Amino acid sequence: MPDQLHFKPVRFSETIITELMIPSYSNFGGKIHGGILLSLMDKVAYVCAAKHAGNYCVTASIDTVDFLAPIEVGELVSLMASVNYVGNTSLVIGIRVVSENIKTNSVNHTNTSYFTMVAKDEQNQPTQVPGLILETQNEVRRFVEAIRRKELRQNYRQEVEQIKTPTNYEKYEHLLIGERCKIAIG
């Protein structure tokens, strides 16, 4: 059993990955494809989580990926990751993505996301992760925000269970007023 008194500071596993955006990363609109960014975010989340956990980690969930600004071919993209929260076997990794145009020196915050990672042992079973030492007010804020997001996610799951696909469509017809759909079930 891992040492339950073992803790690591956030700074221990902070990770930054910087990559040049090349033409093969672009989508049909000429901007960097969202899937490329998701792959890079998953990579930096893994590195950060594995450093903290000292074990292999897998992605369990991703809380919102908001694309705030497009990224152009030729820009440098930096992904900054830190452990925001730890549970027993899970970690929440906060990721901030910025793009930098090296010609104009302009820097844009393009994405923020939160990846929940689970640490695995040699038998591929979830394993306990070290606790987290919070050394700054910002780290405390991020930890508390992660707790709030966890509560919201649990409430959201309960709400979703209540709105499963209705079988009595007539009962829900009032919800469709003003929507761009028609029921064609005969």
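Residues numbered from 1 in each chain as written. Predicted model: local features only at pLDDT ≥ 70, side-chain atom pairs only at ≥ 80, totals over all residues. Heavy atoms only, no water.

A. Structural detail: helix α3 (residues 137–162). The end-to-end C-alpha separation of α3 is 38 Å, in line with the 38 Å expected for 26 residues at 1.5 Å each. Those residues of α3 that are buried are in contact with α1 (10–13), β3 (56–67), β4 (76–86), β5 (90–101), β6 (106–120) and β7 (131–133). (Helix = DSSP H or I, 4+ residues; strand = E, 2+ residues; numbered from the N terminus. Expected span 1.5 Å × (residues − 1). Contact = heavy atoms within 4.5 Å.)

B. Quick look at helix α2 (residues 34–53). Between its first and last C-alpha, α2 extends 28 Å over 20 residues, near the 28 Å set by a 1.5 Å rise per residue. Here α2 has its buried residues at Leu37, Leu40, Met41, Val44, Ala45, Cys48, Ala49, Ala50, His52 and Ala53. Gly54, located one to two residues past α2, shows a positive phi value of around 70°. (Buried < 20%, exposed > 50% of the residue type's maximum accessible area, 1.4 Å probe, protein only.)

C. How the structure looks around the side chain of Asn84. Relative to the elements of secondary structure, Asn84 occurs in strand β4. Using a relative accessible area of 4% as the deciding quantity, one classes Asn84 as buried. Side chain to side chain, Asn84 and Ser82 meet in a polar contact 3.2 Å long. (Polar contact = N/O pair within 3.5 Å; in protein donor to acceptor, adjacent residues only side chain to side chain.)

D. A look at the environment of Thr59. Tracing the chain through its elements places Thr59 in strand β3. The spatial distance from the C-alpha of Thr59 to the C-alpha of Ala49 is 9.6 Å, given a sequence separation of ten residues. Non-local contacts of Thr59, meaning those with residues more than four positions away in its chain, are made with Asp42, Phe115, Thr116 and Met117. In this structure the side chain of Thr59 is engaged in a polar contact, spanning 2.5 Å, whose partner is the side chain of Asp42.

E. Main features of the sheet that holds β3. Here we have five strands laid out as an open sheet, ordered β2-β4-β5-β6-β3, and antiparallel in their pairing. Two strands bound the open sheet, and with one partner strand each, they are β2 (15–20) and β3. On average, each strand axis in the sheet is inclined to that of its neighbour by 25°, with strand direction left out of account. Where β3 meets β6, ten bridges bridge the pair, whose relative direction is antiparallel. Paired with Asp63 across the strands is Tyr114, a residue of β6. Strands β3, β4, β5 and β6 of the sheet are contacted by α3, whose axis makes an angle of about 80° with β4. (Pairing = 2+ DSSP bridges. Axes fitted to C-alpha atoms, helices over the stretch in contact; angles between N-to-C directions.)

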